[in-house]
Amino acid sequence: SVDVGTPFDYASQSALYVPKNLGSPKSEGWASGSITEIQQLVMASNGRALLLFTSTRQMRRAYENLKGLLPFTCMMQGERPHKQLAAEFMEDTHSVLFATKSFFTGVDFQGEACSLVCIDKLPFPVPTEPVTQARCEAIKARGGNDFADYTIPVMSLTLQQGYGRLIRHRNDWGMVAILDSRLDTTGYGGTIKSTLPDGVRIGRIDEANEFFAQAVA
């Protein structure tokens, strides 16, 4: 493939936040700890947040826990049609949209309405989905490694699309937060990170606060 470059300066326009103290989604306490992280990040970004969850259950749990704690308009996928939610999110600059993977693509939130894209977990393809099963079986049949040859590239692409929700214009800036320590602690996490844009890499809430404070200054 030919790299035609990008008009965006990700190093100065974006940051990648992976919390240092949260642990893996497989660890006890992650589900409630991640909700606390989301609350702190949304406060740091002053709303303007698209929160993407890999399961409807965790999306609902976060929404129920946070809608009364956040001083911003909170909306959740499923309450109204996608297009209507997207329009309301754009209109209300400091609002927060709780959504699932279907909001990774096809929505364009240019400008300051979206300054934080927070993804709760690495978006593994669902192994029971027929397309995933068929592709993995085909790779294994020809002697390949379905995890390396299918799962990792699919996750990398999904996360790149997450970045695409954030930086749509030369004047856009913001943070992608991925609340999954496997990005830092596993070999495959390193492989995925190497495919993401070169933003500032941070791991503590005070650094997140600083990033947003500088961006506003």
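These numbers come from a predicted model, not from an experiment.

*Asks:* I'd like a rundown of the packing of aromatic side chains, residues and numbers included.
*Replies:* Throughout the structure, instances matching the rule amount to four aromatic pairs. Here the aromatic rings of phenylalanine 53 and phenylalanine 98 are separated by 6.2 Å at their centres, their planes lie at 0°, and the arrangement is stacked. Placement of the pair is phenylalanine 53 in strand S2 (residues 49-53) and phenylalanine 98 in strand S4 (residues 96-100), with a sequence separation of 45 residues. Phenylalanine 98 shares its class with phenylalanine 53; the two are buried. Aromatic pair tyrosine 63 and phenylalanine 98: ring centres 5.2 Å apart, planes at 80°, arrangement edge-to-face. Placement of the pair is tyrosine 63 in helix H3 (residues 56-66) and phenylalanine 98 in strand S4, with a sequence separation of 35 residues. Relative accessible area serves as the criterion here: at 0%, phenylalanine 98 is assigned to the buried category. Following the ring pairs from residue to residue traces out a cluster consisting of Phe53, Tyr63 and Phe98.

*Asks:* Explain the pairing of strand S6 (residues 174-178) residue by residue, including any values.
*Replies:* Burial runs high along S6: five of the five residues are buried. Side-chain alternation along S6 places Gly174, Val176 and Ile178 on one buried face and Met175 and Ala177 on a second face that is also buried. Bridging between strand S1 (residues 14-17) and S6 involves four bridges; their strand directions are parallel. Paired with leucine 16 across the strands is valine 176, a residue of S6. Sheet topology places strand S5 (residues 116-119) next to S6; four bridges connect them, and they run parallel. If you follow isoleucine 119 over to S6, its bridge partner there is isoleucine 178.

*Asks:* Could you give an account of the pattern of salt bridges, with specific residues and numbers?
*Replies:* Applying the stated criterion across every chain, the model contains seven salt bridges. Linking glutamate 79 and arginine 80 is a salt bridge whose minimum nitrogen-to-oxygen distance equals 3.9 Å. A relative accessible area of 36% places glutamate 79 in the partly exposed class. Arginine 80 sits in the partly exposed class, given a relative accessible area of 27%. The partner of aspartate 184 in a salt bridge is lysine 193, and the shortest N-O contact between them spans 2.5 Å. When salt bridges that share partners are traced, they join Glu79, Arg80 and Glu88 into one network.

*Asks:* An account of the environment of arginine 135 is needed here, citing residue identities and associated values.
*Replies:* For arginine 135, the location among the structural elements is in helix H5 (residues 130-141). The sequence separation of arginine 135 and aspartate 146 amounts to 11 residues, and the corresponding C-alpha distance is 8.0 Å.

*Asks:* With reference to specific residues and values, describe the sheet that holds S5.
*Replies:* Here seven strands make up an open sheet; going across it, the order is S3-S4-S2-S5-S6-S1-S7 and the pairing parallel. Strands with a single pairing partner mark the edges of an open sheet, and in this sheet they are strand S3 (74-76) and strand S7 (200-202). Mean inter-strand twist for the sheet, computed between neighbouring axes without regard to direction, equals 15°. In the packing of helix H4 (residues 82-91) onto the sheet, the strands contacted are S2, S3 and S4, and the crossing angle to S3 comes to about 165°.

*Asks:* A description of the packing of helix H2 (residues 30-45) against H3 should follow, citing residues and the corresponding values.
*Replies:* At a closest axis distance of 10 Å, the pairing of H2 and H3 adopts a crossing angle of 55°. One way to sum up the angle between H2 and H3 is to call them oblique. The chirality of how H2 crosses H3 is right-handed. Between H2 and H3, the residues in contact are Trp30, Ala31, Ser32, Ser34, Ile35, Ile38 and Gln39 and Gln58, Arg61, Ala62, Asn65 and Leu66, respectively. Broken down by class, the residue content of the contact of H2 with H3 amounts to six nonpolar, five polar and one charged.

*Asks:* Describe H2, with residues and values.
*Replies:* For H2, spanning 16 residues, the distance from its first C-alpha to its last is 22 Å, which sits close to the expected 22 Å at 1.5 Å a residue. Every buried residue of H2 is listed here: Trp30, Ser34, Ile35, Glu37, Ile38, Leu41, Val42, Ala44 and Ser45. Asparagine 46 occupies a position one or two residues after H2 and carries a positive phi of about 60°.

The rules behind each value
Residues numbered from 1 in each chain as written. Predicted model: local features only at pLDDT ≥ 70, side-chain atom pairs only at ≥ 80, totals over all residues. Heavy atoms only, no water. Phe/Tyr/Trp six-rings, centres within 6.5 Å; stacked < 30°, edge-to-face > 60°. Helix = DSSP H or I, 4+ residues; strand = E, 2+ residues; numbered from the N terminus. Buried < 20%, exposed > 50% of the residue type's maximum accessible area, 1.4 Å probe, protein only. Pairing = 2+ DSSP bridges. Salt bridge = Lys/Arg side-chain N within 4 Å of Asp/Glu carboxyl O. Axes fitted to C-alpha atoms, helices over the stretch in contact; angles between N-to-C directions. Contact = heavy atoms within 4.5 Å. Parallel < 35°, antiparallel > 145°, perpendicular 65-115°, else oblique. Left-handed = near helix turned anticlockwise from the far one by under 90°. Nonpolar A, V, L, I, M, F, W, Y, C, P; charged D, E, K, R; others polar. Expected span 1.5 Å × (residues − 1).

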